[in-house]
Amino acid sequence: MAEYAVRVTCECGAAGRSKESGAVTVQTTLDLKSFLRDLGLEDHYTEKLSLSTILQIDKKTITDEPATCHSDLAWHFLKKLMMVNVTARNVKCEPVCEPNSDATDLELDSLLDSQGSDMIHPLDIVTALFLCSNGLLQQEMALKMSMCQFSLPLLLPRCDTGQCELMLWAMRDIIKNCRPRSLSGPKGFIEDRIVLTELPMVSFVRLGESSLSKSKILNDLLSNPQQYHDTFVHRNMEGGDRPRKISDGLVEMSWYLPCGNTNIDIFGEPVAIANLRGDIKSFEKQYEFLCQTSAAVFVFFDNLDSQYKLLSSQNNKAQLFLVGNTQSKGFNLDALKQVKGKFNLNTNNFIIKTDKMNDADFVKKLRDKVTNVVNSSKMRMKMENMAAVAKQLGIAVDEDSPECQNAKRNADAITSEITDILKYKENQLPLQGKILKEFARLTKEEFRLQNAGDKSLETYKGELRQKKGELREQQNHHGMSEAMARFISALSSPKIERSYFLKWMRMNLDNLSREKLSTLREHYKEKLQSSKKCQSSDNKDDIKELDRQFSNSSLGIEHFSREMGQLYESAMSLPETCNSHEQLLHLPKLCAEMLLEGFPMELVDGDASTIPLTWVKDVLTELSVLVGHKNKLLVTTVLGVQSAGKSTLLNTMFGVQFAVSSGRCTRGAFMLLVRVEENFKSVLHCDFVLIIDTEGLKSPELAQLDDSYEHDNELATFVVGLSDVTIINIKMENMSEMKDILQIVVHAFLRMKEVGKMPNCQFVHHNVSDVTAKDKNQRDRSLLLQQLNEMTQAAAKMENNEDNKNFTDVMEYNPDTGSWYIPGLWQGNPPMAPVNAGYSEAVYEFKKNIIQILGSSKASANTVLDFLEWTKSLWTAVQHENFIFSFRNSLVADAYMKLCKESSELEWNFKKHMHTWVTQAETRISNFGIVTSTISNLEALLTHLKSEALKELSTWETKLLQHLADYFKQKAGNIHLVERYREDFSNSAKSHRKEIENSVRNQLEAAVEIRRGMISLDGMKKTFAKKLEDKVLKLIEECRKSDLKRNKISSSLDKQFDELWEQTVCELNLTPLQNIDVYSKVEYQLRLNLSPKGGHACKLLAQRTLQQSGNEDFKVKSEEYFASARRKARQLFGREDPIMAAQNLADRIIKDCTQHVSEKVEKKTNYHDTYISEILHKIDAMLSDNGDVRTDTEFEVHLKLHICGVAAREFQKMHKDFRQNNDPQVCLDKQKDTYCSAFKDLFNERDQCRKKAEEFTNLCLIPAVEDYVTRSLGPVIVDAMLKGKNADQFRTRSLFQHSLLSYLLSKDDFETYRSYINSYEGLVRGWIFDQIVERFSSGNELFELEEQYIEENVKYITSAITNAQKEDNVTVETFVQNICNGIGDKLVIPKDALETVLILNKSNLEEFVQWLTESVKEMEQTLKKTFKEMDLPAKLRLLDVKPQNELFNRVIGCGKKCPFCKVPCEAGGKGHTEHFASMHRPMGLGRCSFTKSDKLATDICTSLVTSEATFCCSETKGQNYPYKKYKNIFPSWYIQQYQSTRLLEICDGEASDYWKYVMVKFNNEFAKKYEAEPADIPPDWMEIDTTQAQKSLLRRGFYKVFAERITEFFLNPK
């Protein structure tokens, strides 16, 4: 039923006069569903609202649009309530006004009458929301309302059924504390859940009408003049005068809790206040409930005439007080007397407000009555016990749902057995505590290796792993306790029941911990006071012990979850066939579901200061599966000192439920997921916001512990690394308390910048209430920035990265927009203080700012699995070092690999394009003088081509750099993580351009020089051909004029032609090609190259000629210099013999240069000086790149002499062959038979058409097409190798290494491994060549490519023939010339052959064309057959661009090797400044042995660089130097620190089981080869077999995507 007051008005006449005739009261039956529909809540009456739905981030989160309709009101209330805003109840619809509208008087009257008519009573909104929410949301709403000091629903009415419900569960989570006067001594306060606290309850009800505002009087009753607050909604509040539609029958509840200050406290003892909305005659059941549960009931009335009987109650346990107002029209003193007699009341039971009593006096009188009740009444009841009364009266209890009761039983079964927390944890949660702390300590030591002493690091690591294994065995021996079995069973319940269970568990455990910590706190106070009196060491030890007990005495859900994680991790350490392993596989999914339901998950174990990575990995993996493709998340983290309000800030911002109980502070780090609403995902570009709450830094509880500072460092660095936005929480405006913390944070940000991550930083200054604080603190902000800059510089110096001068260099921070000032949390003195509205509003503005920052983040949101990779890698990194560390996780590696791929593709496309361009340019040069051209001479052509080349080079360089810039702009693919490498790859592009430019210039100059030499020869041949043709034609003319018969003439034709030939040759006076002294030219170039080396180099050069050099194998001379170096290397470091190192370098350079010479010789061109200058440049580059190998001027001179001697010899022979093949006399002699045959044909008038067409095809076109295919096929083969099957192995150097190592494993042969280690480049060249042969040996792929080029050229030639026929006045000669012009830009036409075809060619044009067309068709089949039958290896060697060389150059890298284990560098780009390898190996494989025993070393440099070990070498000048500071000696090398692959399942940088397997298997062979003793193999290495070695390759973070496919291919080629 609802009650409405209606005013009736009559309107008369045209004047519009009206008269109010009276008012009537109307009662209507309200349709609850229609009201809920009006509020937009109808669907949620059955399908209840959940907390996760309310908390999701949507557009309303960052907009301040007012409510415009009723359906907006509930959501606006919830939005403000979740932000704990005390103005939440002030919600109303804002009218849409038309400012320029005109109104008549009548309309103005109507406007006045309708003011507020569109509002809804706040209690109706509250009631509606409680009716439409599930239990978890109801509990959260009640908690937030309690913080705002709003009254809470005790009995919630359902107007559709007339029933009500006791909201016991909703109030379960409310904890209140107070200082009652009855308590004295040090304990002096009570802290407990309000439902468990035994309190007197005083109820206030109304009988009939009341002229007094009961709710307003209650607010006055509970408030002192200094701290007034509207706990209860009353008629003078916004919306409070509107008729209640569904909230009549609501019993509200609040409390008064004293603070212990007698000047402030209204009541000396805590008291509960209940308030029934509506008339008790309509809600007798509620009244009966209050009478049985209250200490006193105050009944407000105006008239008691006939209604007083309602005051009687069968089981009334409460004192009855009647509150009236003499000023009301219905007040009747006689009725009061009648009631007094009926209920045996005395005058103390009446509070009457007279006209002589003002409101303050009346409230004081009422307050005195309540005080007497509170002090004297023995009627005290826990709210929990009210449930029994409610059930007797037929009132439902919200806790009675089956899900809630089942969850309660499950939780009670666990927590009821807890009497002593410490003992309980030892017995029921045995896998954590000492075992886990020791396991964490061993894990950290496994990374840092600080206590290895004299032991081999690998042996020491083996011992550590064994101890960890023993601890796992202990954990497995304990097994699953009864409590954990119950806990896991309860978690396996349906979703709603599980949520209730977790809530019950948390509340029960908090209650237990609070009791234990309260006792400890008392002991602590006593010891502290005692220590002030006497400074004894015993007291200090006792205090330290109490600090430890504080840390160990808390017990929460996180301890059970932690135990579950340890159960899982220990089970996963068992074989997969073990029952425990299989039985616990479902646990990660349970935890992932909890995360999705909004429960926090412990990320960092707050007790052991560790992360159970296997557990976290599998939970996040399951989470990724559950969310599917909606898996993008952004991360927000808060850091600050303890009790700075971090958790409260996050709870207020996002409405979440991080623990903020004063019983215990946050320990470790917790993460919680907040969903992003579907339509808002396009703004935030993510599906979830992950919030990380951390324990307070500089915690007093941890201050007594030895590693507290280190713990703070690790935690800060870790969470900063995970964050997209980091919130730095600071108490007050004073920065001094945060100086140490800021130093930690600055280090963390600096480290993140090194891996390309620059989180945004926001400083939040708490408890700053002054509205001008931001302006006043401008100077302080400048000072803060100055301090941050100083800290950044200091941190950068410690991190050996002094490029970072300012705080803003390492993170996104603006001192004006990045500093926020937030008032104190409470408005007044707790416990009766509500949350400060200024606090809520400031936090709301801050929240909007954070969401805006997240939405505009430069970096793309990570997937869940990306976040997992960051978690693993960051945690591993912080464990390596107390303060300074570096790391490269698989996300960085993956982004780097993609960048390498992108760069390689671009550079190859550049090179391929320029090869095509150079091929065309060389074709133009070769056809110069054959094909008609507008350019008159070769010099002009060379200048033109060089200019064109520069344009092409500049265009492609710009294209490369622009593409690279665009690549770095994209958000996807974690590109921001490799921002630091941008300059390296830009330099690589520029270097690539310069390299190609030099090559193009050399090729053009050489081609022009060779063509210039041929032009004079061509001129002689042309003159000879012309003279010979004239004479032959004249001879034929003379013979035909004679009467001699042809058969007689024929017998002498040969003789006559010979005479004619000899005569013409003699007349021509042929000059042979100039002979070049290649030795002299090479020697000149060599002297020019060595001139900067000074007189000593010239002197050495004069001691030996080029003719004497290069005849024998090159041997490094073992002078005293090298002998001394050899002794030092052996004595100090056991490094590779310097002589052998120099010899190996020389062998590599010689092999490379020899191949270069062979490729030039294969082209059968003439010698050019660029050939030897390229070789000398190559030698210089390789010597420079291998600066770590000790060489001197003598070594360089002898090496260059040797190589130049070999080259000169080969080039001299090449020149001789060229000269001989192109000698005019020789060339003419070769053509004599062709000329003679043409002469005879012409004389005998035979048809030449077919013959000449075939000659043109066979001598000109076929060689031209073969040459084109040979020049074009190389790049196409490279492209084919970079696509399709196994293409990834050539995309980056790291991927190539994986493929090669898989191949080595399949061979499992010592010599192959030795070649890989000691002759790496040679092995790689051979393997690549074999890969190409293997790829194209089967199938027709290569032949199809050749066919494609042949068919393309045949069409091209056919088109040229067609076009040549269209010319006018064409002869055979001009026709052929036209064809040459048509194909001359693509095909190189042999000049000699062309002259041969044209000589004495008197064919009929039409017939010649016909036969030529036929010949070209036959040519296609001939060429296809020729190419198909050609041997593949021979074919590859003939190609102009050798695919094996291109692929080799693509993957070989810079040639640098790790200074310790000699593994090759895998860094991408030619211009990289940092060398690294993805997998290092035992140093013994690189010839390193222990100095004392001469045994091969098993140590791995990835472990050494984290240990306390030292090294010495020539670079350290024989002094011992810490491996940790290796960067000072080898600054260009980055060596990934050791990571426990058994823990992380990744092995970036670590030797992995692969190389350990190789070391074990071939220990004796390597020792014999290196002339050392076999290594002492660590015991756990002996257990590694081929399968494990193979798996270790698959585990590498770089290669998970495709490694299985590659390895399978090599191990099972079938």
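See the structure printed just above.
Note that the structure is predicted; figures quoted are calculated from it, not measured.

A. Region of the structure containing the pattern of salt bridges. Here the structure, examined in full by the defined rule, presents 72 salt bridges. Close ionic contact of Lys503 with Asp173 constitutes a salt bridge, the shortest N to O distance being 4.0 Å. Highlighted residues: Lys503 in helix α17 (residues 495-533) and Asp173 in the loop between β4 (163-166) and β5 (175-178), separated in sequence by 330 residues. For the pair shown, Lys503 and Asp173 are each scored as buried.

B. Structural detail: the sheet that holds strand β12 (residues 350-353). Read from one edge of the open sheet, nine strands run β12-β11-β10-β7-β9-β8-β3-β4-β13, paired in mixed fashion. At either end of the open sheet lies a strand with only one pairing partner, and these are β12 and β13 (396-397). The pairing of strand β10 (residues 296-301) with strand β11 (residues 319-325) spans five bridges and is classified as parallel. Bridging from a neighbouring strand, Ala296 pairs with Gln319 of β11. Each of β10, β11 and β12 touches helix α9 (residues 333-342); the most contacted strand, β12, lies at about 170° to it. Docked against the sheet, helix α10 (residues 359-376) engages β7 (201-207), β9 (271-279), β10, β11 and β12, running at close to 170° with respect to β12.

C. Quick look at unusual backbone geometry. Residues Pro830 and Pro831 are joined by a peptide bond in cis, for which omega reads 10°. Mapped onto the elements of the fold, Pro831 is located in the loop between β20 (819-822) and α30 (837-855). A positive phi angle, near 60°, is found at Gln149, a position not held by glycine. Within the secondary structure, Gln149 is located in the loop between α6 (135-147) and β3 (152-158). With a phi close to 60°, His685 is a non-glycine residue in the positive phi region. One can find His685 in the loop between α24 (681-684) and β17 (688-694). Judged by its relative accessible area of 45%, His685 falls in the partly exposed class.

D. Region of the structure containing the packing of helix α3 (residues 70-82) against α6. Running from N to C, α3 and α6 cross one another at 65°; their axes reach a closest spacing of 9 Å. Where α3 crosses over α6, the handedness of that crossing is left-handed. Residues Leu78, Leu81 and Met82 of α3 form the contact with α6, whose participating residues are Leu137, Glu140, Met141, Lys144 and Met145.

E. Looking closely at the packing of aromatic side chains. Applying the stated criterion across every chain, the model contains 39 aromatic pairs. When the ring of Tyr1316 is compared with that of Trp1555, the centres are 5.8 Å apart and the planes differ by 25°; the resulting orientation is stacked. Taken together, the residues Tyr1316 in helix α45 (residues 1310-1318) and Trp1555 in helix α56 (residues 1552-1561) connect sequence positions 239 residues apart. Its relative accessible area of 2% is what places Tyr1316 among the buried residues. For Trp1555, a relative accessible area of 1% gives the class buried. Among the aromatic residues, those joined into a cluster by ring pairs are Phe1310, Tyr1313, Tyr1316, Tyr1320, Tyr1554, Trp1555, Phe1562, Phe1566 and Tyr1570. Its guanidinium or amino end placed over the ring of Trp504, Lys408 lies 5.4 Å from that ring's centre, counting from NZ or CZ. The lysine or arginine in question, Arg472, covers the ring of Phe439, its NZ or CZ lying 4.1 Å from the ring centre.

F. Expanded view of empty space enclosed by the protein. All told, the structure shown has 13 cavities of 30 Å³ or more when counted by the stated rule. Approximately 150 Å³ is the volume found for the largest cavity. As for the largest cavity, its lining consists of 19 residues, and the residues nearest its centre are Leu222, Asn224, Gln227, Tyr256 and Met832. A breakdown of the residues in the lining of the largest cavity according to their chemical character gives eleven nonpolar, seven polar and one charged.

Parameters at a glance
Each residue is numbered by its place in its chain's sequence as written, counting from 1. For this predicted model, a pLDDT threshold of at least 70 governs which residues receive local features, and a threshold of 80 or more governs which side-chain atom pairs are given and counted, while totals over whole chains, interfaces and linings are taken from all residues. To obtain the side-chain values, all non-hydrogen atoms of the structure were included, while hydrogens and water were left out. Here a salt bridge means any side-chain nitrogen of Lys or Arg lying within 4 Å of a carboxyl oxygen belonging to Asp or Glu. Put simply, DSSP marks the helices as runs of H or I at least four residues long and the strands as runs of E at least two long, and each gets a number from the N terminus on. Burial status follows relative accessibility: with a 1.4 Å probe on protein chains alone, a residue under 20% of its type maximum counts as buried, one over 50% as exposed, and anything between as partly exposed. One requirement defines pairing of two strands: DSSP has to find at least two bridges between them. Whether two residues touch is decided by their heavy atoms; if any such pair falls within 4.5 Å, the residues are in contact. The angle between two axes is taken between their N-to-C directions and runs from 0 to 180 degrees, where each axis is a line fitted to C-alpha atoms and a helix contributes only its stretch in contact. Should the near helix be turned anticlockwise from the far one by less than a right angle, the crossing is termed left-handed; should it be turned clockwise, right-handed. Aromatic contacts are taken between Phe, Tyr and Trp rings whose centres are within 6.5 Å, Trp giving its six-membered ring; a plane angle under 30 degrees counts as stacked, one over 60 as edge-to-face, and the others as tilted. Two limits define a charge over a ring: the Lys NZ or Arg CZ must be within 6 Å of the ring centre, and within 35 degrees of the ring normal. Put simply, the grid is 1 Å and covers the protein atoms alone, a cavity is a trapped set of points that fit a 1.4 Å probe, a pocket is an open set with protein on both sides within 12 Å along at least five of seven lines, and lining residues have an atom within 4 Å of a point. Grid points are joined across faces, edges and corners, and a volume is the space filled by probe spheres set on the points. We call Asp, Glu, Lys and Arg charged. Ala, Val, Leu, Ile, Met, Phe, Trp, Tyr, Cys and Pro are nonpolar, and the rest, Gly among them, are polar.

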